[in-house]
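# Residue-level structure breakdown
These are the residues of each chain, in order.
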Amino acid sequence: MTMIRNARILAASLLVAAGACGGEGGRSLGISATGTVFGTVTFDADGSSDVGLADSPMEGVRVRLLTPVSRDTVLRATTSATGRFRFSSVPVGSYKLVVDAASLGDSIDAAGFPERNVTLLPSDSVQSDALLSFPVLTTTQARLATLGARVFVRGVALHSLATYSDTLLHMVDTAAALRAVRVRPSTVANGDHVRLRGRIAVRDGQRVLDDVTVFALGTALNVPAAPVLSSAAAATAAGGARDAALVRLVNVAVVDTQTVLGSLRVTVTDGSGNLVMLLDRRADPGFRPPFVVGVWDTGRRYDAIGVLVPLSIGVWALRPRSTLDIVAR
């Protein structure tokens, strides 16, 4: 009698196992064995790729379970106000878990959550969290990105946010420089490695990052050196290629001076063509009157360093960061 009972139990077990292996991806066809898939979708607000205090749950994101081969949608869920989703009573088997990019909007990069394989056994409970954010671009990519797109750009700050009287910040990576405008208050310092979050825009014919939040990541180990340009090349930012870059002038002579909107404009040349230097009074007390007698007299010669900013379409000026950027010959 015991042997007969054991044989029946074994036969029933084999029947369940066979049913669990049927269908695409091993999904159950003839039994009710199920599991649960759940998780949380979070917005990575600082682009750190880790969940932190600055991050927030994402509501209304659509998440789907697909069959692994035909990619048919098996189940759909939408995240709650706390960013959570849950698939209950999922038949055992293998699936692809995907985030519906159409439900994200506003430049959020669904590629930050690649498709994930999910395998469920009977009574399994599988957690799969998603961390989504804006794409991280180089300065070159940012200059080619779609206008209005929200992105992160990484690089090295060329000055502190307090340097100039407007809310500008210039940064550089290994390829090029980029100007950030309408930058929120920050303690970023010259030479800091930074990650900027903002929207791609155009100012004076040049791509910029607008409405920017700065995340300082510590002092950079390697700050790109400022290339030497002629005054004529600086006045066109080398055909626009050096827009927002930190550049150096060598042995330029003062041609003219003029005070405009509280800042001193010094026109200089090395013989190749004229260039305007904008001395921002906020950048350094040394740029404020009264000036030392003769310091800006016509013919005085200097070496100078600064960032290139557009004066108008196709015309750039040099903005030294402080009096330390200008050395008398």
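All of these numbers come straight from a predicted model, not from anything done at the bench.

How each quantity is defined
- Each chain carries its own residue numbering, running from 1 in the written order of its sequence.
- Two thresholds apply to this predicted model, a pLDDT of at least 70 for residue-level local features and 80 or more for giving and counting side-chain atom pairs, whereas whole-chain, interface and lining totals are computed over all residues.
- Just so you know, side-chain values use all the structure's heavy atoms and leave hydrogens and water out.
- Criterion used throughout: strands pair if DSSP finds at least two bridges between them.
- Runs of E in the DSSP output that reach at least two residues are strands. Runs of H or I that reach at least four are helices, and both are numbered from the N terminus.
- Per residue, pLDDT captures the predictor's confidence, and it can take any value from 0 to 100.
- In what follows, residue pairs with any heavy atoms lying within 4.5 Å of each other are defined as contacts.
- Note on geometry: axes are lines fitted to C-alpha atoms, helical ones only across the stretch in contact, with angles between N-to-C directions running from 0 to 180 degrees.
- Pairing of aromatic rings covers Phe, Tyr and the six-membered ring of Trp, with a centre-to-centre limit of 6.5 Å; geometry is then stacked below 30 degrees between planes, edge-to-face above 60, and tilted otherwise.
- For every residue, the accessible area (1.4 Å probe, protein chains only) is compared with the maximum for its type, and the residue is labelled buried under 20%, exposed over 50%, or partly exposed between those bounds.
- Here, over-ring charges are defined by two tests on the NZ atom of lysine or the CZ atom of arginine: distance to the ring centre within 6 Å, and angle to the ring normal within 35 degrees.

## So, the pairing of strand β14 (residues 192-203)
Where strand β11 (residues 150-157) and β14 come together, seven bridges link them in antiparallel fashion. Each bridged residue has a counterpart across the sheet, and for Val153 the counterpart in β14 is Leu196. Here β14 runs beside strand β15 (residues 206-219); their pairing, made up of 10 bridges, is antiparallel. Directly across from Ala201, in β15, lies its bridge partner Val208. With antiparallel pairing between neighbouring strands as the criterion, β14 and β15 make up a hairpin whose turn holds two residues, including Asp204 at a positive phi of roughly 50°.

## What about the confidence of the model for the protein?
The share of residues in the protein with pLDDT of 70 or more is 89%, and the mean pLDDT across the chain is 87. When pLDDT is averaged over each element of the protein, helix α3 (residues 231-235) comes out on top at 98 and helix α1 (residues 2-20) at the bottom at 33. Below a pLDDT of 50 lies the segment residues 1-30, which in the model reaches 30 contacts outside its immediate sequence neighbourhood of four places, other chains included.

## Structural notes on the sheet that holds strand β6 (residues 93-99)
The strand order β4-β3-β6-β7 describes an open sheet built from four strands, whose pairing is antiparallel. Since the sheet does not close on itself, it has two edges, and those belong to β4 (73-78) and β7 (116-120), each with one partner. Across the sheet, the mean angle separating the axes of adjacent strands is 25° when strand polarity is ignored. Both strand β3 (residues 62-66) and β4 contribute to a ladder of five bridges, which runs antiparallel.

## Quick notes on the packing of aromatic side chains
Within this structure, the stated rule accounts for five aromatic pairs. Both rings, one in Phe134 and one in Phe152, keep their centres 6.2 Å apart while their planes meet at 40°; by these two values the pair is tilted. Taken together, the residues Phe134 in the loop between β9 (130-132) and β10 (136-137) and Phe152 in strand β11 connect sequence positions 18 residues apart. By relative accessible area, Phe152 is classed as buried at 0%. A centroid spacing of 5.1 Å and a plane angle of 40° characterise the contact between Trp296 and Tyr302, whose relative ring orientation is tilted. In terms of burial, Trp296 and Tyr302 fall into one category: buried. Counting every residue linked through ring pairs, the aromatic cluster contains Phe43, Phe134, Phe152 and Phe215. The positively charged end of Arg319 is found above the aromatic ring belonging to Tyr164, 4.4 Å away from the centroid.

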